[in-house]
Amino acid sequence: MRIVVLAGGIGGARFLRGLKRAAPDAEITVIGNTGDDIHLFGLKVCPDLDTVMYTLGGGIDEEQGWGRADETFRVKEELGAYGVGPEWFGLGDRDFATHIVRTQMLAAGYPLSAVTEALCARWKPGVTLLPMSDDRIETHVAVEVDGERKAVHFQEYWVRLRASVPAEAVVPVGAEQAEPAPGVLAAIAAADVILFPPSNPVVSIGTILAVPGIREAIAEAGVPVVGLSPIVGDAPVRGMADKVLAAVGVEATAAAVAAHYGSGLLDGWLVDTVDAGAVAEVEAAGIRCRAVPLMMTGPDATAAMAGEALALAAEVRG
Ligand code: GDP
Ligand code: CA
């Protein structure tokens, strides 16, 4: 079975670990979000690709959900001693090595997809990890700070401001001119099932879908497309997805997120058991819906979620 998964960072990565357990023989291709990418200290940082790579490769800080395990912050301290920031973005010493290798390869002319493949040769994530595009795309968020309207990089909004001011708009800058990375459209065309893990619908999956050609390819693939809600009990399980959903005019409910993707894209949608009351509404919108436990509390629970997603895919395939 060939499975394609569109993934952001933590939600996508943890789900993928469960999927590998639920479908050990599947060939899994991950299309990773690169809209969160940022240049820091002259280095190219790809937070979502790295979260997937470290999580599946066994290098992740489990508790935090991002960054390397057993991390130290000597380099950051030294940069701070020079007064060189930003100090709000946590880059550890071990993590720095990844960004140095990536930046060096990019400077030598390799596209991001080739660089990601090279980094994965070390981590062996057990999936094919593709960036959504080799072209530079950066998510910017329009905010009003002290009466002044301005656009800030997504990381500044998320990490420095902790989404504490309303997002007025979310723009994947550069997406319109971008092309899917090599292998992305072919993987979608060859897929038996396409999954949207419980990743952020706006700044993770929404950004991937904003790369021209990807949304169309998924809609036209003719295979089941099944998603899992990142919203449980009318709130994000983790993080501040409600803030960016508001920016696109979508309520923070499992049903509203399904409607946002729409029946033209989604065939099936899983909501948590606490949202069982939303099933009828989602089905009325033309999307097959089931209520199952959706909390990724551990490997077994997450594998069971992935199993439910594949079962729903089989059901809609008929
Ligand atoms: P990010 O790039 O690190 O923000 O990660 P993603 O975009 O992949 O995923 C973030 C989303 O994962 C958030 O909106 C959370 O609500 C969701 N999430 C995190 N843990 C869980 C969980 O255990 N269950 C569900 N259903 N969603 C989760
Ligand atoms: Ca992210």
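Throughout, a residue's number is its position along its own chain's written sequence, starting from 1. By the order in which they are written, chains take letters starting at A while ligands take numbers starting at 1. Given that the model is predicted, a residue must reach a pLDDT of at least 70 before its local features are reported, and side-chain atom pairs must reach 80 or more before they are shown or counted; all residues, however, enter totals for whole chains, interfaces and linings. For the side-chain quantities, the full set of heavy atoms in the structure was used; hydrogens and water were omitted.

Some words on helix α1 (residues 10-22)
Part 1 of the argument: Compared with the 18 Å implied by 1.5 Å per residue over 13 residues, the 18 Å span of α1 between its first and last C-alpha is a close match.
Part 2 of the argument: Every buried residue belonging to α1 is among Gly11, Gly12, Ala13, Phe15, Leu16, Gly18 and Leu19, and all of these are buried.
Part 3 of the argument: Elements in contact with the buried residues of α1: β1 (2-7), β2 (27-32), α2 (47-57), β9 (193-196), β10 (225-228) and α13 (299-317). Only runs of H or I of at least four residues qualify as helices and only runs of E of at least two qualify as strands under DSSP, and these elements are numbered from the N terminus. A helix is expected to span 1.5 Å for every residue after the first. Only protein chains enter the accessibility calculation, which uses a 1.4 Å probe; a residue is then buried when its area is under 20% of its type maximum, exposed when over 50%, and partly exposed in between. Contacts are assigned to residue pairs that have any heavy atoms within 4.5 Å of one another.

Comments concerning the site of ligand 1
Part 1 of the argument: Around ligand 1 sit 20 residues, and of these Pro198, Ser199, Ser204, Leu294 and Met296 come closest.
Part 2 of the argument: Contact between ligand 1 and Ser204: an oxygen atom at 2.6 Å from a side-chain N or O atom of the residue.
Part 3 of the argument: Contact distances for ligand 1 include 2.7 Å between an oxygen atom and a backbone N or O atom of Met296.
Part 4 of the argument: Each accessible area is a Shrake-Rupley estimate made with a 1.4 Å probe; only the visible protein chains count as cover when residues are assessed. Its free accessible area being 600 Å², ligand 1 has 90% of it covered by the protein chains. Here a residue counts as near a molecule or strand whenever at least one of its heavy atoms sits within 4 Å of it. A 3.5 Å cut-off defines polar contacts: any pair of N or O atoms within that distance qualifies, except that in protein one atom must be a possible hydrogen donor and the other a possible acceptor, and neighbouring residues in sequence count only when both atoms are side-chain atoms.

Some thoughts on the nonpolar core
Part 1 of the argument: The criterion is simple. A nonpolar core is a set of buried Ala, Val, Leu, Ile, Met, Phe, Trp, Tyr and Cys residues joined through side-chain atoms within 4.5 Å. Formed by 59 residues in total, the largest nonpolar core has its most connected members in Tyr157, Phe196, Ile218 and Trp269.
Part 2 of the argument: Per-element accounting of this core gives the leading share, six residues, to helix α11 (residues 254-261).
Part 3 of the argument: When neighbours within four sequence positions are excluded, Phe196 is seen to be in contact with Leu6, Ile205, Leu209, Ile218, Val225, Val226, Gly227, Leu228, Tyr261, Leu265 and Leu266.
Part 4 of the argument: Within the second largest apolar cluster, 39 residues are counted, among which are Ala26, Val52, Val115 and Cys120.

Here's the deal with the coordination of the calcium ion (ligand 2)
Part 1 of the argument: Note on donors: an N, O or S atom is included if it sits within 2.8 Å of the metal, or within 3.2 Å for Na, K and Ca, and water is never included, so sites can look incomplete. Coordination sphere of the calcium ion (ligand 2), protein contribution only: Asp36 (OD), Asp48 (OD) and Asp48 (OD), at 2.0 to 2.5 Å. Separated by 12 residues along the polypeptide, Asp36 in the loop between β2 and β3 (38-40) and Asp48 in helix α2 bring together distant segments of the chain.
Part 2 of the argument: For Asp48, a relative accessible area of 7% gives the class buried.

Quick look at the UniProt feature "binding site: 7,8-didemethyl-8-hydroxy-5-deazariboflavin" (unreviewed entry) in the protein chain
Part 1 of the argument: UniProt positions are given in the numbering used here, feature names are shortened, and annotations may be inferred rather than shown by experiment. Mapped onto this structure's residue numbering, the UniProt feature "binding site: 7,8-didemethyl-8-hydroxy-5-deazariboflavin" (unreviewed entry) falls at Asp50.
Part 2 of the argument: Exposure remark for Asp50: the relative accessible area of 4% places this residue in the buried category.
Part 3 of the argument: Every residue in contact with Asp50, bar those within four places of it in the chain, is listed here: Thr55, Asp95, Thr98, His99 and Arg102.

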